[in-house]
Amino acid sequence: MQQTEQVREFGGWLKRFTHKSDSCHCDMTFSVYLPPQAEHGPVPVLYYLSGLTCTDDNVRTKAGAQRYAAEHNVGLVMPDTSPRGDEVHDEPDRYDLGKGAGFYVSATQSPWAQHYNMYDYISRELPALIEHHLPVTDVRSICGHSMGGHGAMITALKNPGRYQSVSAFAPIANPVNCAWGHGCFSAYLGSDKTTWEAWDSVCLLQSGAKCPPLLVDQGAADNFLEEQLSFNKLEATCQARSLDATLRLQDHYDHSYHFIASFIGEHIAFHAAHLQQKQT
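What you see is a predicted model; the values in this text were computed from it and never measured.

**A few points about the overall build of the protein**
Then, in step 1: Along the backbone of the protein there are ten helices and nine strands.
Then, in step 2: Expected size for 280 residues packed as a compact globule is a radius of gyration near 19 Å; at 17 Å, the protein falls within 12% of this value.
Then, in step 3: In terms of overall dimensions, the protein has C-alpha extents of about 50 × 45 × 35 Å along its principal axes.
Then, in step 4: Taken across its 280 residues, the protein has 59% of its residues classed as buried.
Then, in step 5: Counting contacts in the protein only where the partners sit at least 6 residues apart, residues at least 24 apart contribute 71% of the total.
Then, in step 6: Summing over all exposed atoms, the protein offers an accessible surface of approximately 11,200 Å²; the carbon and sulfur share of this is 46%.
Then, in step 7: Within the protein, the 31 negative side-chain charges are centred at a point lying 5 Å from the centre of the 20 positive side-chain charges.

**Regarding the packing of aromatic side chains**
Then, in step 1: Evaluated as defined, the whole model comprises twelve aromatic pairs.
Then, in step 2: Here a set of aromatic residues connected by ring pairs shows up, and it is made of Phe 169, Tyr 253, Phe 259 and Phe 263.
Then, in step 3: If you follow Lys 158 out to its NZ or CZ, it ends over the ring of Trp 199, 4.3 Å from the centre.

**Concerning the nonpolar core**
Then, in step 1: Core analysis: the largest hydrophobic core is formed by 93 residues, its most contacted members being Ile 130, Ile 142, Phe 185, Tyr 188 and Leu 234.
Then, in step 2: Sort the elements by how many residues they give to this core and helix α10 (residues 257-279) lands first, with eight residues.
Then, in step 3: Look past the residues within four positions of Phe 185 in its chain and what remains in contact with it is Phe 103, Val 105, His 150, Pro 175, Val 176, Gly 190, Trp 196 and Trp 199.

**Side note on the side chain of Asp 222**
Then, in step 1: With respect to the helices and strands, Asp 222 occurs in the loop between β8 (214-219) and α8 (225-229).
Then, in step 2: Among buried charged residues, Asp 222 stands out as having no salt bridge; its nearest opposite-charge side chain is Arg 248, 14 Å away.
Then, in step 3: At a separation of 3.1 Å, a polar atom in the side chain of Asp 222 contacts the side chain of Gln 218.
Then, in step 4: When neighbours within four sequence positions are excluded, Asp 222 is seen to be in contact with Ala 170, Leu 229, Tyr 253, Asp 254 and His 255.

**Structural notes on the pairing of strand β7 (residues 163-169)**
Then, in step 1: The buried count for β7 comes to seven of seven residues, which makes it a mostly enclosed element.
Then, in step 2: Bridging between strand β6 (residues 136-145) and β7 involves five bridges; their strand directions are parallel. Its bridge partner being in β7, Ile 142 is matched across the sheet by Val 166.
Then, in step 3: After leaving β6, the chain enters helix α4 (residues 147-157) and then returns to the sheet as β7, a path that is right-handed.
Then, in step 4: Two strands pair when backbone bridges link them, and β7 and β8 are joined in this way by four bridges, in the parallel orientation. Opposite Val 166, over in β8, you have Leu 214 as the bridge partner.

**Description of helix α2 (residues 65-72)**
Then, in step 1: Those residues of α2 that fall on the buried side of the exposure criterion are Ala 65, Gln 66, Ala 69 and Ala 70. Buried residues along α2 cover an arc of 135 degrees about the axis, so they all sit on one side.

**Notes on the sheet that holds β7**
Then, in step 1: In spatial order, the strands read β1-β2-β3-β5-β4-β6-β7-β8-β9; together these nine strands make up an open sheet with mixed pairing. The sheet is open, and its two borders are formed by β1 (2-9) and β9 (245-250), each paired with just one other strand. For this sheet the average axis-to-axis angle between neighbouring strands, irrespective of direction, equals 20 degrees.

**Quick word on unusual backbone geometry**
Then, in step 1: In this model, Ser 110 is joined to Pro 111 through a cis peptide bond whose omega is 0 degrees.
Then, in step 2: Within the secondary structure layout, Pro 111 lies in the loop between β5 (75-79) and α3 (118-133).
Then, in step 3: We note that His 252 has phi near 75 degrees; this positive angle belongs to a residue other than glycine.

**So, helix α5 (residues 179-189)**
Then, in step 1: Burial of α5 is extensive: eight of the eleven residues sit out of reach of the surface.
Then, in step 2: Taken residue by residue, α5 has Trp 180, Gly 181, Gly 183, Cys 184, Phe 185, Ala 187, Tyr 188 and Leu 189 as its buried positions.
Then, in step 3: Residues of α5 that are buried sit in contact with α4, α6 (193-196) and α8.
Then, in step 4: Once α5 ends, the next one or two residues include Gly 190, with phi positive near 100 degrees.

Definitions and limits used
Residues numbered from 1 in each chain as written. Predicted model: local features only at pLDDT ≥ 70, side-chain atom pairs only at ≥ 80, totals over all residues. Heavy atoms only, no water. Helix = DSSP H or I, 4+ residues; strand = E, 2+ residues; numbered from the N terminus. Rg over C-alpha atoms; globule rule 2.2 N^0.38 Å. Buried < 20%, exposed > 50% of the residue type's maximum accessible area, 1.4 Å probe, protein only. Contact = heavy atoms within 4.5 Å. Areas by Shrake-Rupley, 256 points an atom, 1.4 Å probe, with all protein chains shown as cover. Lys, Arg positive; Asp, Glu negative; His and termini not counted. Charge placed at Lys NZ, Arg CZ, Asp CG, Glu CD. Phe/Tyr/Trp six-rings, centres within 6.5 Å; stacked < 30°, edge-to-face > 60°. Lys NZ or Arg CZ within 6 Å of the ring centre and 35° of its normal. Core = buried A, V, L, I, M, F, W, Y, C linked by side-chain atoms within 4.5 Å. Salt bridge = Lys/Arg side-chain N within 4 Å of Asp/Glu carboxyl O. Polar contact = N/O pair within 3.5 Å; in protein donor to acceptor, adjacent residues only side chain to side chain. Pairing = 2+ DSSP bridges. Right-handed = clockwise from strand over helix to strand, strands pointing away. Arc of directions from axis to C-beta. Axes fitted to C-alpha atoms, helices over the stretch in contact; angles between N-to-C directions.

Structural data, given as structure tokens:
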């Protein structure tokens, strides 16, 4: 694990690292924000998963999350969205498949299975690395945007008890029933659609998966709302199970980081309350 950058922010440190990933079989990059309190002892961690076409750089430069992480004594871990490198297979003519579009699954189909194992990376390898090398605890929550919202939700649902809370901005909640999901799942997971359901938040919830406290914000002016995101389906599923879930449709907001920056403080406060409750 090699540190490549360190910047002082809000009394803490924004750092960037690279390392050789055993899951993705390539060099991976991630950023971490350590709040001021981390200089005096380990802090709990919020993982933030970015969306299609993004890297770790999008959230750390556009969301304004570090200010709130410092206020609430929470570390932020911001990984990349896919494997990278010349040896990694890609579809350069598509933004929604390949590099930048790992979809946080572990691929089973050639040629993707060699490198596209983002679920294994996010759920196991990266936390073990972070907790071994940095001043953080093993008390975690998880958040994400769009494809990353999908990733955050399935990771929490597939690991009951491991995350204290989960939140999402405009998540791709039911990818088995949208074009983005069909394109990626058929490539990464094969043609048997029944296997896709293990990587779909709505399907997991409908099958009884245990869900930690959940917060979802969705922009009502989001261009992808109707065709890709399935907010209404997620809302109906949560209501049917009487889950501890707050789902908010925000008037006039779109799919951009302007939307995320408007509500990221509330999301970090939501997670901080659950993280601190676990620590005490």
